[in-house]
Amino acid sequence: MVQIYRPQKRQQQTVVQEVTITDLDLHGQGVGRHNGLVCFVPGALPGEKVKARLTVKGKVATGRLQGLLVASDERVEPRCEYVGRCGGCQLQHLPVASQLNYKEAALKGELQRAGIAVAQWQPALTGAEFGYRRTLRLAIFDGKLGFRAVGSQNIIPVSHCAVAEPALSKLLPSLQGLLPRLKGQRHLGHLELLHLPPHTAALWRLTGALPKADMEKLIAWAQAEDVVLYTQQQEITQHWPQQPQALGYRLDDLELSVGPADFIQVNGSINQAMVAQALAWLAPSQDERVLDAYSGLGNFSLPLCKRAKAVVAVEGVAAMTERNRHNAELNGLTNLDARTLDLDDQSAVAALVAEGFEAALLDPARPGAQALCQALASGTGPGRVLYVSCNPSTWKRDAALLAQGGYRLLRLGLMDMFSQTAHVELMALFIREG
Ligand SMILES: C[S@@+](CC[C@H](N)C(=O)[O-])C[C@H]1O[C@@H](n2cnc3c(N)ncnc32)[C@H](O)[C@@H]1O
């Protein structure tokens, strides 16, 4: 007889418990201990005693906050009514200075456990606490338009967003009014809003063609709200206004042109401060060849071009490489060599590093830059490596690789790119020893 192997399901148990919270982890969750269990409770703060519904798996329990028995003195009233339901802002119940203190403490703890030493901690880059997001992505499903709920795919319809730039937040009520009037809702994937003064733009990602009457309603909405309207099924089409509009932003006395679907840093003023700090820390000089890895549309490449002899910008998306080249031309910069390359490809990355650079800047997406850090650590890497990270977990792994390759972590600082949320962004400068 055939025996079918069925792995036993791990035992899960749900209990309601009182937990004393002692720490905040890197995901913004309260951490406490109870009966030998480590308990993670989103929304709870250090110093609090909470009632939580805990789901226990082995030695770990994840919880849902059910009530505060003793509240922290630091706790503040969230500004936004959607907190606790919308998955966006995990830390609005904490003042921003405390958010940063806890993020730094959690990161210090992680680095200590990983045995990574930091020579100098730098003050965090800070900016507006609310109203800073110049891009918003809204999910659309089942007649609802909004943000994903905490811990689920459900959509919480929103009529305002406290962290969005006011020019974007003010579009939400009319969008809520528009959605039920569209007959082809099933063809709406999601909506991206973008505020790059003087323009506000909306890009509707479509899974199929919208009826003509729906397109007319979208255009009437864009006209009434003074929004540049795009749709994308395969190609991106601008529908309103009739004349093509150029989107872009200024940085370091440069003009960067942006396509409606391009990646841009979410927080415009922190971006300005981040690029300035990266240039100050990396200090490229006129006789140096610099690598800008994960270069996107040239946010770091072009300021580097102004200061270095030559910049090799490497990016995985060909359209972004093209945009970077175009932006260099737009600004009369002739020392950019922009290339499309998969930076996860170990042999391509090893060949790239072997070309020889005096300095490198890395700004990867959440998966980090493992293959590149392996290559940099192999002995031919540049003297200075500046790493901008949006994910401390992958950065920690990559920092350990660089340390094994003889790099010392000279400077580390947080950047408050996503205030009110649990996101942690950081900048680190590594120097090759010997
Ligand atoms: C965080 S963004 C940074 C972009 C740019 N440095 C900026 O400041 O706007 C990361 C970039 O890495 C690119 N990327 C992601 N995975 C990649 C890979 N495996 N190889 C090359 N580029 C990649 C993305 O297309 C994106 O442009």
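Since we're looking at a predicted model, the values are computed, not measured.

**Focus: the UniProt feature "binding site: S-adenosyl-L-methionine" (unreviewed entry) in the protein**
Right, on to step 1. Under the present numbering, the feature "binding site: S-adenosyl-L-methionine" (unreviewed entry) in UniProt falls on Q265, Y294, E315 and D363.
Right, on to step 2. Along the polypeptide, Q265 turns up in the loop between β15 (254–258) and α5 (268–282).
Right, on to step 3. With a relative accessible area of 7%, Q265 lands in the buried category.
Right, on to step 4. If near-sequence neighbours (up to four positions away) are discounted, Q265 is found in contact with R134, N271, M274, N299, D363 and M417.
Right, on to step 5. Summarising the element assignment, D363 is placed in the loop between β19 (359–362) and α9 (370–380).
Right, on to step 6. Its relative accessible area of 15% is what places D363 among the buried residues.
Right, on to step 7. Ignoring any residue separated from it by four or fewer positions in sequence, one finds D363 in contact with Q265, A293, Y294, F300 and V388.
Right, on to step 8. A distance of 3.2 Å separates a polar atom in the side chain of D363 from a polar atom in the side chain of Q265.

**Here's the deal with the nonpolar core**
Right, on to step 1. The biggest cluster of nonpolar side chains holds 84 residues, and the ones touching the most others in it are L138, L175, L191, L193, W204, W221 and L386.
Right, on to step 2. Among the elements that line this core, the one with the most residues is α5, at 7 residues.
Right, on to step 3. Looking at this core, you find at least three residues from each of domain 2 (111–127 + 267–432) and domain 3 (135–247).
Right, on to step 4. If sequence neighbours within four positions are ignored, L386 has contacts with A278, W281, L282, A360, L361, L362, M427, A428 and L429.
Right, on to step 5. Residues L107, A360, L412 and L426 belong to the second largest nonpolar core, which totals 38 residues.

**Quick look at the sheet that holds strand β21 (residues 407–415)**
Right, on to step 1. Spatially, β6-β21-β22-β20-β19-β16-β17-β18 is the arrangement adopted by the 8 strands of the open sheet, whose pairing is mixed. Two strands bound the open sheet, and with one partner strand each, they are β6 (120–121) and β18 (336–340).
Right, on to step 2. Examined bridge by bridge, β21 and strand β22 (residues 425–432) share 8 bridges and lie antiparallel to one another. Residue pairing in the sheet places Y407 in a bridge with R432 of β22.
Right, on to step 3. The strands touched by α5 are β16 (289–293), β19, β20 (384–389), β21 and β22; relative to β22, the strand with the most contacts, the crossing angle is about 10 degrees.

**Section: the sheet that holds strand β5 (residues 60–70)**
Right, on to step 1. Pairing within the closed barrel is mixed, and its 5 strands lie in the order β1-β2-β3-β5-β4. Geometrically, the sheet is characterised by an average inter-axis angle of 45 degrees between neighbouring strands, direction not taken into account.
Right, on to step 2. Sheet topology note: the strand β1 (residues 13–24)/strand β4 (residues 49–57) ladder contains 8 bridges and is antiparallel. Looking at the pairing, T14 lines up with T55 of β4.

**Some points on the site of the ligand**
Right, on to step 1. Surveying the vicinity of the ligand reveals 17 residues, the closest of which are Q265, E315, G316, L343 and D363.
Right, on to step 2. At 2.8 Å, a side-chain N or O of D363 approaches a nitrogen atom of the ligand.
Right, on to step 3. By residue class, the composition of the shell around the ligand is 8 nonpolar, 5 polar and 4 charged.

**Quick word on the packing of aromatic side chains**
Right, on to step 1. Evaluated as defined, the whole model comprises 2 aromatic pairs.
Right, on to step 2. Geometrically, the ring pair formed by W204 and W221 is edge-to-face, given 6.5 Å between the ring centres and 85 degrees between the ring planes. On the criterion of sequence distance, the pair formed by W204 in strand β11 (residues 199–206) and W221 in helix α4 (residues 212–225) is long-range, its members being 17 residues apart. The same class applies to W204 and to W221, which are both buried.
Right, on to step 3. The side chain of K108 reaches across the aromatic face of W121, ending 4.9 Å from its centre.
Right, on to step 4. Taking the ring centre of Y249 as reference, the NZ or CZ of R134 above it sits at 4.6 Å.

Each value, and the rule that gives it
- Residues numbered from 1 in each chain as written.
- Predicted model: local features only at pLDDT ≥ 70, side-chain atom pairs only at ≥ 80, totals over all residues.
- Heavy atoms only, no water.
- UniProt positions renumbered as here; feature names shortened; annotations may be inferred.
- Helix = DSSP H or I, 4+ residues; strand = E, 2+ residues; numbered from the N terminus.
- Buried < 20%, exposed > 50% of the residue type's maximum accessible area, 1.4 Å probe, protein only.
- Contact = heavy atoms within 4.5 Å.
- Polar contact = N/O pair within 3.5 Å; in protein donor to acceptor, adjacent residues only side chain to side chain.
- Core = buried A, V, L, I, M, F, W, Y, C linked by side-chain atoms within 4.5 Å.
- Domains from an automatic or database assignment.
- Pairing = 2+ DSSP bridges.
- Axes fitted to C-alpha atoms, helices over the stretch in contact; angles between N-to-C directions.
- Near = heavy atom within 4 Å.
- Nonpolar A, V, L, I, M, F, W, Y, C, P; charged D, E, K, R; others polar.
- Phe/Tyr/Trp six-rings, centres within 6.5 Å; stacked < 30°, edge-to-face > 60°.
- Lys NZ or Arg CZ within 6 Å of the ring centre and 35° of its normal.

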